Amino acid sequence: MEVAAQIGQLLNDTVSPDCAAVRTATESLDRLSQLPDFPYYLISISAGGENQGQKIAAATYLKNFTRKNVEGDVSSSAPKVSKEFKDQLLRALLQSEPAVVKVLVEVFRVIVGADFVKQNWWPELVPDLRAALENSNLINGANSQWNTINALRVLHALVRPFQYFLEATVSKEPVPPQLELIAKDILVPLLTLFHQIVQKALGTPGMTNMETENFLLIVCKCMYFTVRSHMPSALVPLLPSFCHDLIGILDSLSFECVVTPENGYQMRLKTGKRSLRIFCTLITRHRKYSDRLMPDMIKCALNIVKYSKNISKIDFLSERVLSLSFDVISHVLETGPGWRLVSPHFSYLLDSAIFPALVMNEKDISEWEEDAEEYIRKNLPSDLEEISGWREDLFTARKSAINLLGVISMSKGPQMGTSANASSASSKRKKGEKKKRNNQTCSVGELVVLPFLSKFPIPSDANPSQTRITNDYFGVLMAYAGLLDFLREREPTYAATLVQSQLLPLYNLSVRPPLVATANWVLGELASCLPEDMSADVYSSLLKALAMPDSRDTSCYPVRVSAAAAIITLLDNDYTPPEWLPLLQVVIGRIGCKEEENSILFQLLSSVVQAGNENVAVHIPYIISSLVVEISKCIPLDLEPWPQMVESGFAALAVMAQIWENDMSEDLEENESNHNFLSGQATIGRAFSDLLQRAWLAPMHRSDQEDNTLLPPSCLDSASTLLRSIMLSVTGSNVILELKVLELLLVWADLIADWHAWEESEDMSVFECIKEVVNLQNKYGLQNFIVGQMPSPPAPPVPKHSVIEGIGTFISEATLQYPSATWRACSCIHLLLHVPSYSSETESVKQSLAAAFCQATYSHFREIKSKPGSLWKPLLLAISSCYLCCPEVVESTLEKDGDGGLETWVAALGMISTNSFKPGLSRESEIKLIAMALAKVVERLLILGKPGSLLRECFTSLMEASARFNEVEEDNDEDEVDIIDEDEDGEIEDDDDDEDSEDDEHEETEEEFLNRYAEAAIALDNGSVIEEGVIEDEDQEMDFEKGCLEEIDLQEAVTSLLQKYHPILIEQQVAYPPELISRFVESIPQCKIFFQHYSR
């Protein structure tokens, strides 16, 4: 009892306002957690502590303790938790107060996931829970031992994991036996009680009981999780009765009363929402059992959606029920019986349900004025992060109504033509001939929807005060956004006529800003349907909207944001403006005017620069100079995190720097182009230097904290691109001083050395910057590149970090931690060791780098050596680079752990040198590096007097690599000849086959999708999946030709080695494979003489 009392007091201290007391109590609890009975003390206090605060503290600590010890235990040979503890936990859950149960349920979920769902090590759970329910207060009377709601919360946590498929490697996963047992022993009798309680609750309209409503809600949640993926056989006979109970609950809802948590009606609305989600699941996942129930579901949903006229007056939860009712109708319409059930109600839906949800209402006006961001997220969604919409927390009746309108417009009724016309109306249409075939039957969009929308007139200057006309036309514009799939099936002139007559006139009228913003959004939504000849009219309208100023009493922020988003979407769909300069002028002119708009404007600018290519590239130096001025104003004067304006600005500048380099450097042969490029690059370099000095150097000088990290990791990739562009501007040593390149490089090297966020952003520009630093060092011999500057007295005579040391730290970390960086990092390892010129004074720096690189690469290789794959190659090549420059250091590093590292590395080199290894050595530089490393190992073994199996293995691999080098060299020569011949023939490919193949493109079925993902899951379990970043990186040319390999002739090096040591290598060794010898002497004929006396 003393321990229990001590734990209870410590738990009380953890909620103390005194931080020191909390810290002391937490440390003491951590020490006591080593006791074997510690979790039992916690569960006991959770159930019977002194007060609620202590109970919740004990439950919370138990939750964290369980997660650490159960989820952290990856073994699967025995149950993670004892039966005694499980029984105590279940009793505590059944009798505790709601606040404590809410926390203890999290403990239960962890244990259930480990010991019931995955391994089925808790066979008593289902019988015990059933017994608890049978003896709970709502079922067996008020004097029962257990609480029914608590037991239902346990059931809810129990079935929740089964809402998803559990076996990813099985394409058609059967119902888990645990779920079948739960359904048979608990849910079946529970649904009988559910029916009785529903009848009782519906029999007393206007009266609600909180406990009863809670019972109904939790049972519906349990059923939803049960059937979301699976359908237990025991539930099938009860589905009709259960669904009619749900329909009764939905019919009892009112969308005109005020909902408050106190009156119990909010709980009824939540039950109605869950009921509709169950309907959607049954329709989409379990058609076999839901087809007969669809007529009643449709009737129920139709009775709800008619209240969309009250959308501006109802609360969020009621609107969510409306939204789901629209979704139920959409799902039904997409099924086989859907047309027969829904088509008689098309006119009613349009006039009385869908369109009332689309028209502008008081809530829209209020959100526009008070929370523009919320208005944009709900009504003008886009793929841009800042204004993204349609998230789970932003489901609206308007969004669901638009979706239903789109499904209705695509409907064509029962097909009477050929099988070519019998495709599903909801399937994705393709362009070309297939589109014409599918258009032979008129759709509801053409027969019903568009005629309905055409009834509403465009607001005009003659009647600007007619609010009804404006509000209705807002709904018309929203409706057009739902017709995207319908318009894609039509000829481009169809969409062009609609835009020309219904949208563009709004930009020339004095209409309310919400109409213009919605028109912008619709233009973006229809981007894939617009013909090119409308480009001038569309862009002039959007430019007008992008530059629209705020009026005295109305903000036009959503207008400008939606215009920017629409332009980005149009550019992404290759819909280009006739002129780029007016667009650039508007964007540049608005950056910095409104803080909240800067981010979207920078995204727009990046899109414009990327889409415009050479048409925009000539303006980039001026654009960059203008932006640097605005961005510099927003950089904090001290060491604070950067605001979003600066981060977005750096990202946009990085894009422009890359576009400038890619597009303008292609025409350097012409004198005028060369002059323009150099002049523009100098302007860009000066601007970027000023910006980075302002960002990095000025705060350090001001704070005298030169060792502090100044740049947030999220910007380091963009800053690396800017720094690389500065280095590209260097034309002499004077420019290095003028642009403060060395000072910037020292700060940058310290930043990347301490950069630990690489796995989040997966940035790559830092590696390109490293390569450019090495090139600059070779040209101009940068000061403090290899050895850091010695500080002035009285500071200790310890040199500061050099540039290469900071880079080396980053490369080692990237190689060890991030698979997607492996290829680039290993390429940089070779550059850093072999390209710079190391003197005798700086030899120690090179050796330190080689040791660090070898340690990092071999540690990574050791983790994956049991599964040969594509990451073997860069890691082994990097170790080979280290060995060529510092063999003693590498040997010492590899043998440090005493696990035969040198032999492991050599054996792996032999494996990747063979033709059978995939992906093997495909480039001459790679094979040359491997061969030279093997030759160096052979020579070192001979010098050290270590003949034996390792020497024989090395020389065998060396002969294999030499033969491979000659074969690859010959293949490359033949490929070059073939390319020249093809160029001379001037063959032109015919694109007709591509157009024809578009019609025959295979649409993946559900079964094929499930099979494909099952195969991918099996490959993942087997470890045969290509690691992150490998696919995109393995085709990149690694710079292994540079440095020591440039002047080496492999044939001469191997021949020289044999001349010195052939008696040991050949005559004193066991026979080599004859085929290998034949390939080897064929690749290096001068070595044939050494095998003349070789006895086979």
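Residues numbered from 1 in each chain as written. Predicted model: local features only at pLDDT ≥ 70, side-chain atom pairs only at ≥ 80, totals over all residues. Heavy atoms only, no water.

**Q** Any chance you could break down the overall build of the chain for me, citing the residues and the numbers?
**A** The number of helices and strands found in the chain is 53 helices and 0 strands. Classification of the 1096 residues of the chain by burial places 52% in the buried group. The long-range fraction of contacts in the chain, counting pairs at least 24 apart against all pairs at least 6 apart in sequence, stands at 74%. (Helix = DSSP H or I, 4+ residues; strand = E, 2+ residues; numbered from the N terminus. Buried < 20%, exposed > 50% of the residue type's maximum accessible area, 1.4 Å probe, protein only. Contact = heavy atoms within 4.5 Å.)

**Q** I'd like to hear about the packing of helix H11 (residues 210-227) against helix H13 (residues 265-285), residue by residue, with values.
**A** Running from N to C, H11 and H13 cross one another at 20 degrees; their axes reach a closest spacing of 9 Å. In terms of their interaxial angle, H11 and H13 are classed as roughly parallel. As H11 runs across H13, the sense of the crossing is left-handed. Along the contact surface, H11 presents Met 210, Glu 213, Asn 214, Leu 216, Leu 217, Cys 220, Lys 221, Met 223, Tyr 224 and Val 227, while H13 presents Met 267, Arg 268, Lys 270, Thr 271, Arg 274, Ser 275, Arg 277, Ile 278 and Thr 281. Class assignment for the residues of the contact of H11 with H13 results in 9 nonpolar, 4 polar and 6 charged. (Axes fitted to C-alpha atoms, helices over the stretch in contact; angles between N-to-C directions. Parallel < 35°, antiparallel > 145°, perpendicular 65-115°, else oblique. Left-handed = near helix turned anticlockwise from the far one by under 90°. Nonpolar A, V, L, I, M, F, W, Y, C, P; charged D, E, K, R; others polar.)

**Q** Requested: an account of the packing of aromatic side chains, with residues and values cited.
**A** All chains considered together, the criterion is met by 23 aromatic pairs. When the ring of Phe 486 is compared with that of Tyr 494, the centres are 6.0 Å apart and the planes differ by 85 degrees; the resulting orientation is edge-to-face. When the ring of Phe 861 is compared with that of Trp 872, the centres are 5.0 Å apart and the planes differ by 65 degrees; the resulting orientation is edge-to-face. A residue pair is termed long-range when its members are at least 10 positions apart, and Phe 861 in helix H43 (residues 843-864) and Trp 872 in helix H44 (residues 872-885) qualify at 11 residues. Like Trp 872, Phe 861 is buried. The positively charged end of Arg 274 is found above the aromatic ring belonging to Phe 225, 5.9 Å away from the centroid. (Phe/Tyr/Trp six-rings, centres within 6.5 Å; stacked < 30°, edge-to-face > 60°. Lys NZ or Arg CZ within 6 Å of the ring centre and 35° of its normal.)

**Q** Which residues make up the pattern of salt bridges, and what values do they have?
**A** In the structure shown here, the tally under the stated rule is 32 salt bridges. For the salt bridge of Lys 378 with Glu 367, the shortest nitrogen-to-oxygen distance reads 3.0 Å. Taken as a pair, Lys 378 in helix H20 (residues 372-379) and Glu 367 in helix H19 (residues 362-370) lie far apart in primary sequence, 11 residues in all. With respect to burial, Lys 378 and Glu 367 carry one shared label: buried. The salt bridge involving Glu 926 is made with Lys 873; its shortest N-O contact spans 3.5 Å. With Glu 926 in helix H47 (residues 924-943) and Lys 873 in helix H44, this pair connects stretches of sequence that are 53 residues apart. (Salt bridge = Lys/Arg side-chain N within 4 Å of Asp/Glu carboxyl O.)

**Q** How would you explain the packing of helix H3 (residues 38-48) against helix H4 (residues 52-71) if you had to name every residue and give the values?
**A** A pair of packed helices is captured by two measures, namely the crossing angle of their axes and the spacing between those axes. The geometry of H3 relative to H4 is characterised by a closest axis approach of 7 Å and an angle of 145 degrees between their N-to-C directions. H3 and H4 meet at a crossing whose hand is left-handed. Judged by residue contacts, Phe 38, Pro 39, Leu 42, Ile 43, Ile 45, Ser 46, Ala 47 and Gly 48 of H3 engage Gln 54, Lys 55, Ala 58, Ala 59, Tyr 61, Leu 62 and Phe 65 from H4. For the contact of H3 with H4, the per-class residue count stands at 11 nonpolar, 3 polar and 1 charged.

**Q** So what's going on with the environment of Leu 902? Which residues, and what values?
**A** By the secondary structure assignment, Leu 902 is in helix H46 (residues 901-913). Spatially, the C-alpha atoms of Leu 902 and Glu 891 are 6.5 Å apart, while their sequence positions differ by 11 residues. Residues within four places of Leu 902 in sequence aside, it is in contact with Glu 891, Leu 894, Glu 895 and Leu 950.

**Q** Any chance you could break down the side chain of Ser 325 for me, citing the residues and the numbers?
**A** Structurally, the position occupied by Ser 325 is in helix H16 (residues 316-333). Among all residues touching Ser 325, those that are not within four sequence positions of it are Leu 276, Ala 301, Ile 304 and Val 305.

**Q** How would you explain the nonpolar core if you had to name every residue and give the values?
**A** Judged by nonpolar contacts, the single largest core of 358 residues is most densely connected at Leu 155, Phe 194, Phe 650, Trp 748, Phe 767, Ile 811 and Trp 905. Sort the elements by how many residues they give to this core and helix H6 (residues 98-117) lands first, with 13 residues. (Core = buried A, V, L, I, M, F, W, Y, C linked by side-chain atoms within 4.5 Å.)

**Q** So what about a negative patch on the surface? Which residues, and what values?
**A** On the surface, Glu 369, Glu 370, Asp 371 and Asp 553 cluster together to form a negatively charged patch. Position of Glu 370 among the secondary structure elements: in helix H19. (Patch = residues over 30% accessible without salt bridge, like charges linked within 9 Å, V, L, I, M, F, W, Y side chains within 5 Å. Areas by Shrake-Rupley, 256 points an atom, 1.4 Å probe, with all protein chains shown as cover. Lys, Arg positive; Asp, Glu negative; His and termini not counted. Charge placed at Lys NZ, Arg CZ, Asp CG, Glu CD.)

**Q** I'd like a rundown of helix H10 (residues 177-202), residues and numbers included.
**A** Its 26 residues place the ends of H10 35 Å apart at the C-alpha level, agreeing with the 38 Å of an ideal helix rising 1.5 Å per residue. Its maximal kink placed at Leu 187, H10 deviates by approximately 40 degrees, while the proline Pro 189 follows within four residues. (Expected span 1.5 Å × (residues − 1). Bend = angle between axes of the 7 residues up to and from the residue.)

**Q** Just give me the short version of the environment of Leu 349, but keep the residues and values in it.
**A** Turning to its location among the elements, Leu 349 is positioned in helix H18 (residues 346-358). Exposure remark for Leu 349: the relative accessible area of 0% places this residue in the buried category. The spatial distance from the C-alpha of Leu 349 to the C-alpha of Phe 326 is 9.7 Å, given a sequence separation of 23 residues. Apart from the residues within four sequence positions on either side, Leu 349 is in contact with Leu 302, Val 305, Ile 329, Val 342, Ile 354, Phe 355 and Ile 408.

**Q** Tell me about helix H7 (residues 125-134), residues and numbers included.
**A** Three or more residues of H7 are buried, namely Leu 125, Val 126, Leu 129, Ala 132 and Leu 133. Axial view of H7: buried residues confined to an arc of 125 degrees, hence all on one face. On its buried side, H7 packs onto helix H5 (83-95), H6, helix H8 (137-140), helix H9 (148-159) and H10. (Arc of directions from axis to C-beta.)

**Q** Break down unusual backbone geometry for me, with residues and values.
**A** The phi dihedral of Asn 613 falls on the positive side, at around 50 degrees, and the residue is not glycine. Its location among the elements puts Asn 613 in the loop between helix H31 (598-612) and helix H32 (614-617). With relative accessibility at 28%, the residue Asn 613 sits in the partly exposed group. Here Asn 784, not a glycine, exhibits a phi torsion of approximately 65 degrees, which is positive. Looking at where Asn 784 falls in the secondary structure, it is placed in the loop between helix H40 (765-780) and helix H41 (803-817).

**Q** Break down the confidence of the model for the chain for me, with residues and values.
**A** When pLDDT is averaged across the chain, the result is 84; 84% of the residues are at 70 or more. With pLDDT under 50 throughout, residues 416-440 is counted as low confidence; its partners more than four residues away or in other chains account for 39 contacts. Confidence drops under pLDDT 50 across residues 705-710; counting only partners more than four residues distant or on other chains, this segment forms 14 contacts. (pLDDT = per-residue confidence, 0-100.)

**Q** I'd love a proper account of the state of the cysteines, names of residues and values included.
**A** Scanning the model with the defined rule gives 0 disulfides in all. Here Cys 826 stays unpaired: no disulfide links it, and the sulfur of Cys 882, its closest cysteine neighbor, is 8.9 Å away. (Disulfide = S-S within 2.5 Å.)

**Q** Report on the environment of Ala 651, specifying residues and quantitative values.
**A** Topologically, Ala 651 is positioned in helix H34 (residues 644-664). The sequence separation of Ala 651 and Leu 716 amounts to 65 residues, and the corresponding C-alpha distance is 9.8 Å.

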